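So you can see what is in the structure, the chains are spelled out below.
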Amino acid sequence: MSIRVVARHNIKPEKLDEFISLMKQLVENTKREDSGVINYGLFQDITDPNCIAMLEEWESEEAIAEHLKKQHFLDLLPAMRACMAGQSTFNNFKSI
């Protein structure tokens with residue numbers, strides 16, 4: 001059973017281009033991980049361009065936990081947070 005993650009981020013308008021660039025780096029590096037990633041994509045809300053979502057699919061919760069420890073993720077995290085307007089939301093889903 002895979003786990004799907006929806007991570008929503010509201011971005012400061014003046015930081016949108018920077019955030020997208022950082023997230024594209026994250027997507028590229030994550031897809032190269034040997035950590036159980038199945039799908040990992042970056043999406044922009046059609047009606048609110050400052051709302052960016054990561055739609056992810058992982059083999060397991062353990063794979064997600066391992067991803068969050070990867071150096072490439074940890075290195076980008078402070079810069080990503082500096083672009084955000086408020087807290088992000090994260091939802092993990094399993095199929096039923």
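Values in this document were obtained by computation on a predicted structure and should not be read as measured data.

Enquirer: Give me the lowdown on the overall build of the chain, citing residues and values where you can.
Expert: Across its full length, the chain holds three helices and four strands. Written out in order from the N terminus, the α and β elements of the chain read β-α-β-β-α-α-β. A globule of 96 residues ought to have a C-alpha radius of gyration of about 12 Å, and the chain, at 13 Å, matches this closely. Residue burial in the chain is summarised as follows: out of 96 residues, 40% are buried.

Enquirer: An account of the environment of Leu-76 is requested, with residue identities and associated values reported.
Expert: Take Leu-76: it is sitting in helix 3 (residues 71–83). Residue classification places Leu-76 among the buried positions, given a relative accessible area of 10%. C-alpha of Leu-76 to C-alpha of Arg-32: the two residues are 44 residues apart in sequence and 16 Å apart in space. When neighbours within four sequence positions are excluded, Leu-76 is seen to be in contact with Leu-22, Gln-25 and Leu-26.

Conventions we followed
Residues numbered from 1 in each chain as written. Predicted model: local features only at pLDDT ≥ 70, side-chain atom pairs only at ≥ 80, totals over all residues. Heavy atoms only, no water. Helix = DSSP H or I, 4+ residues; strand = E, 2+ residues; numbered from the N terminus. Rg over C-alpha atoms; globule rule 2.2 N^0.38 Å. Buried < 20%, exposed > 50% of the residue type's maximum accessible area, 1.4 Å probe, protein only. Contact = heavy atoms within 4.5 Å.

All quantities given are derived from atomic positions and should not be read as evidence of function.
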